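# Chain and residue survey
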There are 4 protein chains.
Amino acid sequence: MCGIFGIYSYEKENVTKKIYYGLFALQHRGQEGAGIAVSDGKGINFYKNIGLVTEVFKKDILQNLFGYIGIGHVRYSTTGIKSVENCQPFVVKSSLGQIAIAHNGDILNSEELRLELEKKGHIFTSTTDSEIIAQLLIREIIKTNDRIEAIKNVLNKLVGAYSLLILFEDCLIAVRDEHGFKPLCIGEDGENIYISSEDCALTTLDVSFLRDVKPGEIVVINNDGMESYTFKKKNKVSTCMFEYIYFARPDSTIDGISVYKVRKEVGRRLAKEHPVEADIISPIPDSGNAFAIGYSEESKIPYYEALIKNKYTGRTFILPSQNERELAVRLKLSPVRSLLENKRVVLVDDSIVRGTTSKRIVNMVKKVGAKEVHLRVGCPKIISPCYYGIDMATKEELIAHKKCIMEIAKIIGVESLGYISIEGLLKAIGRKDLCLACLTGEYPTDINFIKVQNR
Amino acid sequence: MCGIFGIYSYEKENVTKKIYYGLFALQHRGQEGAGIAVSDGKGINFYKNIGLVTEVFKKDILQNLFGYIGIGHVRYSTTGIKSVENCQPFVVKSSLGQIAIAHNGDILNSEELRLELEKKGHIFTSTTDSEIIAQLLIREIIKTNDRIEAIKNVLNKLVGAYSLLILFEDCLIAVRDEHGFKPLCIGEDGENIYISSEDCALTTLDVSFLRDVKPGEIVVINNDGMESYTFKKKNKVSTCMFEYIYFARPDSTIDGISVYKVRKEVGRRLAKEHPVEADIISPIPDSGNAFAIGYSEESKIPYYEALIKNKYTGRTFILPSQNERELAVRLKLSPVRSLLENKRVVLVDDSIVRGTTSKRIVNMVKKVGAKEVHLRVGCPKIISPCYYGIDMATKEELIAHKKCIMEIAKIIGVESLGYISIEGLLKAIGRKDLCLACLTGEYPTDINFIKVQNR
Amino acid sequence: MCGIFGIYSYEKENVTKKIYYGLFALQHRGQEGAGIAVSDGKGINFYKNIGLVTEVFKKDILQNLFGYIGIGHVRYSTTGIKSVENCQPFVVKSSLGQIAIAHNGDILNSEELRLELEKKGHIFTSTTDSEIIAQLLIREIIKTNDRIEAIKNVLNKLVGAYSLLILFEDCLIAVRDEHGFKPLCIGEDGENIYISSEDCALTTLDVSFLRDVKPGEIVVINNDGMESYTFKKKNKVSTCMFEYIYFARPDSTIDGISVYKVRKEVGRRLAKEHPVEADIISPIPDSGNAFAIGYSEESKIPYYEALIKNKYTGRTFILPSQNERELAVRLKLSPVRSLLENKRVVLVDDSIVRGTTSKRIVNMVKKVGAKEVHLRVGCPKIISPCYYGIDMATKEELIAHKKCIMEIAKIIGVESLGYISIEGLLKAIGRKDLCLACLTGEYPTDINFIKVQNR
Amino acid sequence: MCGIFGIYSYEKENVTKKIYYGLFALQHRGQEGAGIAVSDGKGINFYKNIGLVTEVFKKDILQNLFGYIGIGHVRYSTTGIKSVENCQPFVVKSSLGQIAIAHNGDILNSEELRLELEKKGHIFTSTTDSEIIAQLLIREIIKTNDRIEAIKNVLNKLVGAYSLLILFEDCLIAVRDEHGFKPLCIGEDGENIYISSEDCALTTLDVSFLRDVKPGEIVVINNDGMESYTFKKKNKVSTCMFEYIYFARPDSTIDGISVYKVRKEVGRRLAKEHPVEADIISPIPDSGNAFAIGYSEESKIPYYEALIKNKYTGRTFILPSQNERELAVRLKLSPVRSLLENKRVVLVDDSIVRGTTSKRIVNMVKKVGAKEVHLRVGCPKIISPCYYGIDMATKEELIAHKKCIMEIAKIIGVESLGYISIEGLLKAIGRKDLCLACLTGEYPTDINFIKVQNR
């Protein structure tokens, strides 16, 4: 996952700082790196680096970026070496001037496209999909001499998930793939048009939400205003359900549906699907909060925050000993003994991937005296990896891959375990055009490419 | 406020890293600076600097500190220049060997004591109370040739609030002032004795809580074990009520009373004292959470988190314009429109000091469509400054100083405003021996010194 | 100017640290940035950044680079923004695997080549010549399927000055342009082959000098040993005379001629061409030293170091006032009053470009009491800009551009001024196949491209 | 050794930046740390830290220091931990206001004085002599109620070497010990009075040299002007000869004698005392330069710089192997083969302490083909440690301690070795009131204290 944010200022005012605040509001979508590219109509300036938005963009750097059109990116942490080269936006110089590209998602056939380009003599300086898109796009524009035509042609070659921002020297273009895997929305405040991964960034900037970018839509913003094109007539929408469950900020609304409300409704349905007699309900903070509140509302079991999160993060230097992993959990989460001692406790979490952290938390809760621990989970069993940009785990690492509920409950150490059902999830979200690949193993796109990719 | 943490290892094992984790768990008590001093029985090594615990103590620094007795300190942010010189522990060399001191609190007569010492030719290299205590202590030990006697004599001179750790080369001493203003507790795990501002740090280290240090108690830990002395026979206890309401971590227990439970109980009583018809309750996170949960429990109005906190902090570079203050609030807190629109909302906060932030939050909540906003506050009206270590504000800055509820409600912009009553607070905490000076203007100690201090 | 350094280890030992030391010895050729790329036979790892070699390569970075073939680069300070993107080696991924390129020099027709490539749809991520060479090279290899043939074809397109290192995953290639503008030499120590801009880096590593790379030569080093190819049959050699006069380190030997000896011999000839009666000779350190020693030897006027250089450099924060420029000189150079007072002084410098620093130094020397100041210069009058990689100045900025000796002497404030003659220079160097373009305005290559380039 | 610099501005202008430039010019006297303290008449502000002057004082720090009287300090590298606490100026608060102290030198009886003060109940936060002086001074001023009287009393207690700056809130005081061990001089420019360890810092600031501070003199500068006091009527002057030979910058003049001229004259006398038939003379740069020039002048053997120093220093990460020490030398110094091959070479160095570096340099020179190497040394045999602030070595580490010339020559690997005689040295300097303790073992002060100190 990543976050993208763009602005076009009709008043030709400098948009750098607004992009900076927008990225700050999207920081939850990626903490590895950040970048901003802005055009003053004549050329593109940019800066990007490893780190959080506030670490990468210090005052002097922000003050040296000027432009009235711009895009920004926050990069999701992935395995492997963190390098500036792989940060975005990706900026290139070509016969068409400078172009900057930022995207959120994963192109499944990127290796095939790259090899094809390499065979034609193209070279690459990064391993980002953005560079491949840039190369394809410029070739196509030169060939067709028509930007929109060229973009359509390129997009038709891409297999995968992507929300995309393209910055030309005089124009901002936003694209959402035909499946609408990733969110992307439009805001405006009279003077500027905004494009953002989530509308929470619009709220931060006190900007009105206009509408979501539609799956398969190309939005072009330039001096003449905003125009919309469709690049795939037929497209089956399959928006990522995990955006609602875990990834998006709870104050965001995706395709008209409030993330917070989804989570609370999942909690209510969990209470119906997996009721239990207990004394208190506590979320595993922060991602489990809304689910737990919903569960409490339905079950009438009182909701407390029996696990306190340490607000001060940052890399702690962990003692290399057998207890280090447990310590790592306790440095982040702390149980409130007075709420847990001698109690039957329902813990509510958003999802279980590997199950290792859940196990340590349950153990910690029992250590301070919980009589029973019942775990309720807001996401159905995750049994297949995501190939669309969420670095979950390999199939073998997924605890639910080949294990039944009873086995998982035993490993984690809980008295009972309940996942929301897929039907419950769909009803809670209130839409059916979702990607459920990680829950069902049925992928909405061709995935024959992925052996190349899957490390 | 500050946080202090100490360890004595009977097995003579290096305690540096455990102090580091302890300070990390106490980080909420002070974010300006951090320091650790450890003794190997022959001399004291130390390191301190400006910054968060994880910023100050990098791997190489931790690896260069060895000792089996040690103390640590996190420093509360105060106005004025941040300087290493004012960080703690304060370490001195004397004819008695090296001594390190760390404290939490404020000595009211420090200027008087300093001037007295200066007249005798003593000089000072910092402006910390710790240095004054160190100077007095060493003079007294030389005079009396009896550590405990000397400590008692020095403590009898101090007017104010202090929880104190003194590290001698061979011994760790913990002191809590006779009023017990600040918390201080003892833990043990068979091999080590721990002293901590709050027991949440013991939980983090998986250490058993033994007991609180008593007001007016001196605890001496050395190779012979732990001994207890009383330095004031008569003492009126007046523990800071604000520790329960705001300062301490919710998972801590102070003098046998769970902080989380106090806050929830205050919330319940608030609902009784100031009921209202409303659609939802939301805390102002994170400090309002437990109060709001209690209010919801009692009132049956559903509890939601309608204000989302941005987890990624760090200094943002704010645009210098008229909207900057509002932006600053929106960068930290974001309203969930779908929960607030057209709703009658009860917001619950822990306390109101100046009222400026409350006003901005209420404004933001109304902007997304809340029909009514009712504010409920977990701390009675704050009308007088604190002279015991909490940097609240000057009398004039306190919104409740000379204003009635109606006036305050109007300024903040709410339909109704309700503070918990002092009686309600005392009942919720379940003890009466509390310092309520900021609520009543009646100070448990002589405060004739404070004109010198009060900027 | 820049410096390049490469190693091929037949024993397949890690060459990273040796490249690091080599670059450290070549640091005088470029202080803006540094980079190292190494291949382990399967892929290329690299790191580059803004800063001095010792700033860019900290222990942990060096320890993460492994490879038995490698190249390094130090980048010359140029005007404009310093960015990592423009540091070298430039590393690309292509259908032929990864390739890294580092070069010293300037390609005059780079814009033409770039535009041509852009027209074919190629895109660029930096403004370095290396990227253009990389793109051309890969196209050509794909076309010809013969590395050597391809390199020859590419080199035949380049107009300008370049010493070049190309790192393939399995092979190291060194190229010196057909004019031999820039130095490049080969060393060996039984286990490794070394390529270096100057042999001083070989001396630092205690490696034997083998021979210079010949103008128009391609040297290929791989598992089969070292092979040599010629890519231009006819070539007029024109090695940069400024390497001997200023740029190279005095302990280097270029094309068989000792730099130190050249400078001393120029000094002797200066004494014959421009004798003067004086009390002492002093160099303007460090670059004037060897010239001054030669002048003293011939003239018998005693040599002293009457200007002392501050060894501690680093950016000083200069007071913004009218005296700041003078202060800037005095912070770097300090006159020895006891040697200069009431003396007739010959100052010897390597060259005069703009003349502004010379003027300030002369002024400073007179201020401490020098009776007469005579300036002798080791380089003939510089009247034309260099287009081959030395950032001298624009024509208008060159003090000698349209001024006679008398005028220049008056501006600088000296009693007499003598430049070495071009004939004297040629005799002192002992070779005639030199580029004298900055002295004569006659350029050894086509320079019709330069209007594009010359800012 | 250390460097000190002070300014009093009669125009009450901010002196911070001038102190900064002064310290930059004195950087050669200490590279471990730097500090500046300034008074605006009401209080003292200061900043100090580990590092070079340009590293410690960045723009924002300089811009936050205001005052019209001020002192600065550069700290000499010593063994042991580098800590901010031991940097100077040392600033204290007392009943007399704030006082800052900076000194160059070593107080031999500091431990005795410290113990005495500790017995009286004083405590110490650093291990600097400055803190002891501060404590003594404040006691004495309180007792006598007369600053000058108090300073005299304190100085009479000190045994050792010290040049001292004392900053009161309204006054700057400079002191040079009665032996005049360390240099200290006065400058003025009409608006300010300057005190500096060496006059080279005055030259850098374009300030006129007024006079040296006399041994046993106290100079008081305040609003009424400058006054002079003598604190020891009888005093035997013994200025450190090593200041002339090695420590001071060659452009400085100490007690009326030019350092550069001394070194050149020592070189001439060396040529007479230890003549040799040779082809070239080369200094070991930079400290050997002036000596070698003098030797060349007298002997008529031509002077060349056959060893080139790498201008770019900074910590290089050395390969941990058997050759690392040799590499360390070659990274700093590089031989010019063309000057050395088949030559009989005279190398000239300022002094030999342990002899290990000399050995490696000689080895390196022979490796490039020198036929004979003759070493000439500008300082007589060093046989005893310095107790006055120069961290030479322990007696056992001094190569000349118990070895004759022949043995030393053999160890170092030279064909002949010649040290200047003590008589020659005295004549070259032209004064006899010098400290020659390291050459003779006869110390000008009582040294019974030193067992405590000598590690």
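Residues numbered from 1 in each chain as written. Chains lettered and ligands numbered in written order. Predicted model: local features only at pLDDT ≥ 70, side-chain atom pairs only at ≥ 80, totals over all residues. Heavy atoms only, no water.

Scanning chain A from N- to C-terminus turns up 17 helices and 23 strands. Computed over the C-alpha atoms, the radius of gyration of chain A is 23 Å, within 12% of the 23 Å expected from 2.2 N^0.38 for a compact globule of 455 residues. Taken along its principal axes, the extent of the C-alpha atoms in chain A is 70 × 45 × 45 Å. For chain A, with 455 residues in total, the buried portion stands at 62%. A fraction of 69% describes how many contacts in chain A between residues 6 or more apart in sequence connect residues 24 or more apart. Approximately 16700 Å² of chain A is accessible, and the part contributed by carbon and sulfur atoms is 48%. Placing the 61 positive and 57 negative side-chain charges of chain A at their respective mean positions leaves the two points 4 Å apart. (Helix = DSSP H or I, 4+ residues; strand = E, 2+ residues; numbered from the N terminus. Rg over C-alpha atoms; globule rule 2.2 N^0.38 Å. Buried < 20%, exposed > 50% of the residue type's maximum accessible area, 1.4 Å probe, protein only. Contact = heavy atoms within 4.5 Å. Areas by Shrake-Rupley, 256 points an atom, 1.4 Å probe, with all protein chains shown as cover. Lys, Arg positive; Asp, Glu negative; His and termini not counted. Charge placed at Lys NZ, Arg CZ, Asp CG, Glu CD.)

Below, the discussion takes up the sheet that holds strand β20 (residues 344-349) of chain C. Residues and elements named next belong to chain C. Pairing within the open sheet is parallel, and its four strands lie in the order β17-β20-β21-β22. With partners counted over all chains shown, the strands left at the sheet margins are β17 (280-283) and β22 (416-419), one partner each. Strand-to-strand twist in this sheet, taken as the mean axis angle between neighbours without regard to direction, amounts to 20 degrees. Most of the contacts of helix α9 (residues 259-273) go to β22, to which it runs at about 130 degrees, and overall it touches β20, β21 (372-377) and β22. (Pairing = 2+ DSSP bridges. Axes fitted to C-alpha atoms, helices over the stretch in contact; angles between N-to-C directions.)

Here we come to the interface of chain B and chain A. Interfaces are frequently sized by the accessible area removed from exposure as the parts join. Each side of the interface is counted separately: chain B has 55 residues, and chain A has 54 residues. Carbon and sulfur atoms supply 63% of the area that chain B and chain A bury against each other, a total of about 5000 Å² over both sides. The interface formed by chain B and chain A contains four salt bridges. Among the ionic pairs, D206 of chain B bridges to R330 of chain A, the shortest N-O distance being 3.8 Å. (Buried area = accessible area lost by both parts, 1.4 Å probe. Salt bridge = Lys/Arg side-chain N within 4 Å of Asp/Glu carboxyl O.)

Moving on to the sheet that holds strand β11 (residues 208-212) of chain C. Residues and elements named next belong to chain C. Pairing in this open sheet of seven strands is antiparallel, and the strands run β3-β2-β4-β1-β10-β9-β11 from one edge to the other. Edge positions in the sheet fall to β3 (44-50) and β11, since each has one partner strand and no second. Averaged over all adjacent pairs, the angle separating strand axes in this sheet is 15 degrees, with direction ignored. Of the pairings in the sheet, the one linking strand β2 (residues 33-39) to β3 comprises seven bridges and is antiparallel in character. Of the residues in β3, the one forming a bridge with S39 is I44. Sitting on the sheet, helix α1 (residues 16-25) is in contact with β1 (2-9), β2, β4 (69-75) and β10 (192-196), with an inclination near 155 degrees to β2.

Moving on, we get to the packing of helix α5 (residues 129-144) of chain D against helix α6 (residues 147-157) of chain D. Residues and elements named next belong to chain D. At a minimum axis distance of 8 Å, the contact between α5 and α6 shows a crossing angle of 135 degrees. Here α5 lies oblique to α6, going by the angle between them. Crossing of α5 over α6 shows right-handed handedness. In this structure, α5 uses L136, L137, E140, I141 and T144 to contact α6, whose residues at the interface are R147, E149, A150, I151, N153, V154 and K157. Considering only residue class, the contact of α5 with α6 consists of six nonpolar, two polar and four charged. (Parallel < 35°, antiparallel > 145°, perpendicular 65-115°, else oblique. Left-handed = near helix turned anticlockwise from the far one by under 90°. Nonpolar A, V, L, I, M, F, W, Y, C, P; charged D, E, K, R; others polar.)

So, on to the relation of the copies chain B and chain A. With an RMSD of 0.1 Å, chain B superimposes on chain A once it is rotated by 180 degrees and translated 0.0 Å along the axis. Classification of the inter-copy transformation places it as that of a two-fold axis. Identified as the residue of chain B closest to the rotation axis by C-alpha distance is K311 of chain B, at 4.0 Å. Both copies share a contact surface, since 98% of the interface residues of chain B are interface residues in chain A too. (Least-squares fit on C-alpha atoms with pLDDT ≥ 70 in both.)

Across the boundary between the two partners, chain A contributes 23 residues, which contact 23 residues of chain C. Taking both partners together, chain A and chain C bury about 1900 Å²; carbon and sulfur atoms supply 60% of that area. Per-residue buried area on chain A facing chain C is highest for K93, E118 and I123 of chain A; these three make up 32% of the total on that side. Scanning the region where chain A abuts chain C turns up two salt bridges. With a closest N to O distance of 3.5 Å, K93 of chain C and E118 of chain A form a salt bridge. Scanning the region where chain A abuts chain C turns up five residue pairs in polar contact (both at pLDDT 80 or more). Taken together, the elements giving at least two residues each to the side of chain A that touches chain C come down to β3 (44-50), β5 (90-94), α4 (110-119) and α5 (129-144) of chain A. Here the side of chain A that touches chain C gets six residues from one element, more than from any other, and that element is α5 of chain A. A breakdown of the residues in the side of chain A that touches chain C according to their chemical character gives nine nonpolar, six polar and eight charged. (Polar contact = N/O pair within 3.5 Å; in protein donor to acceptor, adjacent residues only side chain to side chain.)

Take the domain arrangement of chain A next. Residue and element names in this part refer to chain A. Segmenting chain A into domains produces domain 1 (3-236) and domain 2 (253-454). Distance from the C-alpha centre of domain 1 to the C-alpha centre of domain 2: 32 Å. In this assembly, 21 residues from domain 1 lie in contact with 19 residues from domain 2. Of the roughly 1700 Å² buried between domain 1 and domain 2 on both sides combined, carbon and sulfur atoms contribute 57%. On the domain 1 side of the contact with domain 2, Y76, L108 and F181 bury the most area, a combined 32% of that side's loss. (Domains from an automatic or database assignment.)

This brings us to unusual backbone geometry. Note the cis peptide between P285 of chain A and D286 of chain A, where omega equals -10 degrees. A positive phi angle is found at D255 of chain A, which is not glycine, with a value near 50 degrees. Mapped onto the secondary structure, D255 of chain A falls in the loop between β15 (253-254) and β16 (257-258). Positive phi, normally seen in glycine, also occurs at K300 of chain D, with a value near 70 degrees.

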